[in-house]
Amino acid sequence: MTMGTVTELLQEGIMQILMLVAPVLGAALIIGLVVAIFQATTSIQEQTLTFAPKFFVILAVIALLGGWMFTSMREYTIQLFQMISQMGR
(Lines give C-alpha, C1' and ligand atoms only; values in the text may rest on other atoms or scores of the structure.)
Protein backbone atom coordinates (compact mmCIF):
# COMPACT_ATOMS: atom_id res chain seq x y z
CA MET A 1 0.00 0.00 0.00
CA THR A 2 1.61 3.20 -1.17
CA MET A 3 1.35 6.64 0.33
CA GLY A 4 -0.73 7.74 -2.67
CA THR A 5 -3.28 4.99 -2.01
CA VAL A 6 -3.58 5.98 1.63
CA THR A 7 -4.01 9.63 0.67
CA GLU A 8 -6.68 8.72 -1.88
CA LEU A 9 -8.57 6.61 0.67
CA LEU A 10 -8.51 9.44 3.22
CA GLN A 11 -9.65 11.95 0.62
CA GLU A 12 -12.54 9.73 -0.49
CA GLY A 13 -13.56 9.11 3.12
CA ILE A 14 -13.59 12.81 3.96
CA MET A 15 -15.58 13.61 0.82
CA GLN A 16 -18.09 10.86 1.69
CA ILE A 17 -18.55 12.31 5.18
CA LEU A 18 -18.99 15.85 3.86
CA MET A 19 -21.48 14.70 1.22
CA LEU A 20 -23.61 12.90 3.81
CA VAL A 21 -23.49 15.60 6.49
CA ALA A 22 -23.97 18.66 4.27
CA PRO A 23 -27.77 18.44 3.85
CA VAL A 24 -28.34 17.98 7.58
CA LEU A 25 -25.99 20.77 8.60
CA GLY A 26 -27.31 23.07 5.88
CA ALA A 27 -30.90 22.60 7.02
CA ALA A 28 -29.93 23.15 10.66
CA LEU A 29 -27.99 26.28 9.72
CA ILE A 30 -30.89 27.77 7.75
CA ILE A 31 -33.43 27.04 10.49
CA GLY A 32 -31.07 28.41 13.12
CA LEU A 33 -30.70 31.62 11.16
CA VAL A 34 -34.47 31.97 10.67
CA VAL A 35 -35.12 31.38 14.38
CA ALA A 36 -32.38 33.84 15.36
CA ILE A 37 -33.89 36.52 13.13
CA PHE A 38 -37.33 35.79 14.59
CA GLN A 39 -35.96 36.06 18.13
CA ALA A 40 -34.17 39.31 17.35
CA THR A 41 -37.27 40.92 15.87
CA THR A 42 -39.64 39.81 18.62
CA SER A 43 -37.20 40.09 21.57
CA ILE A 44 -38.09 36.54 22.66
CA GLN A 45 -35.00 34.99 24.22
CA GLU A 46 -36.25 31.48 24.97
CA GLN A 47 -33.50 28.83 24.74
CA THR A 48 -35.81 25.97 23.79
CA LEU A 49 -37.12 27.98 20.84
CA THR A 50 -33.80 27.46 19.06
CA PHE A 51 -33.52 23.75 19.90
CA ALA A 52 -36.96 22.39 18.98
CA PRO A 53 -37.20 23.62 15.34
CA LYS A 54 -33.65 22.44 14.58
CA PHE A 55 -34.40 19.04 16.09
CA PHE A 56 -37.52 18.51 14.00
CA VAL A 57 -35.94 19.79 10.79
CA ILE A 58 -32.93 17.51 11.26
CA LEU A 59 -35.27 14.56 11.81
CA ALA A 60 -37.22 15.49 8.68
CA VAL A 61 -34.06 15.76 6.56
CA ILE A 62 -32.83 12.39 7.83
CA ALA A 63 -36.25 10.87 7.14
CA LEU A 64 -36.28 12.24 3.60
CA LEU A 65 -32.65 11.55 2.70
CA GLY A 66 -31.96 8.55 4.93
CA GLY A 67 -32.35 6.04 2.12
CA TRP A 68 -29.91 7.90 -0.09
CA MET A 69 -27.46 8.27 2.81
CA PHE A 70 -27.62 4.56 3.58
CA THR A 71 -27.19 3.59 -0.08
CA SER A 72 -24.22 5.91 -0.46
CA MET A 73 -22.52 4.54 2.66
CA ARG A 74 -23.25 0.95 1.58
CA GLU A 75 -21.67 1.50 -1.85
CA TYR A 76 -18.62 3.15 -0.29
CA THR A 77 -18.21 0.30 2.20
CA ILE A 78 -18.53 -2.32 -0.54
CA GLN A 79 -15.90 -0.45 -2.55
CA LEU A 80 -13.56 -0.48 0.46
CA PHE A 81 -14.01 -4.20 1.04
CA GLN A 82 -13.38 -4.91 -2.65
CA MET A 83 -10.17 -2.92 -2.43
CA ILE A 84 -9.05 -5.02 0.52
CA SER A 85 -9.50 -8.23 -1.44
CA GLN A 86 -7.64 -6.77 -4.42
CA MET A 87 -4.68 -5.70 -2.27
CA GLY A 88 -4.23 -9.24 -0.97
CA ARG A 89 -3.44 -10.54 -4.47
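These lines cover the structure that appears in this document, whether it is placed above or below. (Residues numbered from 1 in each chain as written. Predicted model: local features only at pLDDT ≥ 70, side-chain atom pairs only at ≥ 80, totals over all residues. Heavy atoms only, no water.)

Here we look at the overall build of the protein chain
Right, on to step 1. When its secondary structure is counted, the protein chain shows two helices and zero strands.
Right, on to step 2. Relative to the 2.2 N^0.38 estimate, which gives 12 Å for 89 residues, the radius of gyration of the protein chain is 19 Å and therefore markedly larger than a compact globule would have.
Right, on to step 3. The principal-axis extents of the C-alpha atoms in the protein chain amount to approximately 65 × 25 × 15 Å.
Right, on to step 4. A burial count over the protein chain gives 17% of its 89 residues as buried.
Right, on to step 5. If you take every contact in the protein chain between residues at least 6 apart in sequence, the share linking residues at least 24 apart comes to 69%. (Helix = DSSP H or I, 4+ residues; strand = E, 2+ residues; numbered from the N terminus. Rg over C-alpha atoms; globule rule 2.2 N^0.38 Å. Buried < 20%, exposed > 50% of the residue type's maximum accessible area, 1.4 Å probe, protein only. Contact = heavy atoms within 4.5 Å.)

As for the nonpolar core
Right, on to step 1. The biggest cluster of nonpolar side chains holds five residues, and these are Leu20, Val24, Ala27, Val61 and Met69.
Right, on to step 2. Contributions of two or more residues to this core are made by helix H1 (3-42) and helix H2 (47-87).
Right, on to step 3. Counting residues per element, this core draws most heavily on H1, at three residues.
Right, on to step 4. Apart from the residues within four sequence positions on either side, Met69 is in contact with Leu20 and Val24. (Core = buried A, V, L, I, M, F, W, Y, C linked by side-chain atoms within 4.5 Å.)

A word on a nonpolar patch on the surface
Right, on to step 1. Taken together, the side chains of Met19, Leu64, Leu65 and Trp68 make up a nonpolar region of the molecular surface, amounting to roughly 400 Å² of accessible area.
Right, on to step 2. Residue position: Trp68 is located in helix H2.
Right, on to step 3. A residue is classified by how much of its surface remains accessible, and Trp68, at 38% relative accessible area, is partly exposed. (Patch = residues over 30% accessible without salt bridge, like charges linked within 9 Å, V, L, I, M, F, W, Y side chains within 5 Å. Areas by Shrake-Rupley, 256 points an atom, 1.4 Å probe, with all protein chains shown as cover. Salt bridge = Lys/Arg side-chain N within 4 Å of Asp/Glu carboxyl O.)

Regarding unusual backbone geometry
Right, on to step 1. Residues other than glycine seldom take positive phi values, yet Ser43 does so here, at roughly 60°.
Right, on to step 2. Assignment of secondary structure puts Ser43 in the loop between H1 and H2.

A closer look at the packing of aromatic side chains
Right, on to step 1. The full count for this structure, using the stated rule, is two aromatic pairs.
Right, on to step 2. Seen from their ring centres, Phe51 and Phe55 are 5.8 Å apart, and the 20° between their planes marks the pair as stacked. Of this pair, Phe51 and Phe55 both sit in helix H2, four residues apart, which is roughly one turn of that helix.
Right, on to step 3. The exposed category is assigned to Phe51, whose relative accessible area is 58%.
Right, on to step 4. Considering the side-chain rings of Phe55 and Phe56, the 5.5 Å spacing of their centres and the 70° angle between planes classify their relative orientation as edge-to-face. (Phe/Tyr/Trp six-rings, centres within 6.5 Å; stacked < 30°, edge-to-face > 60°.)

In short, geometric facts, not functional conclusions.
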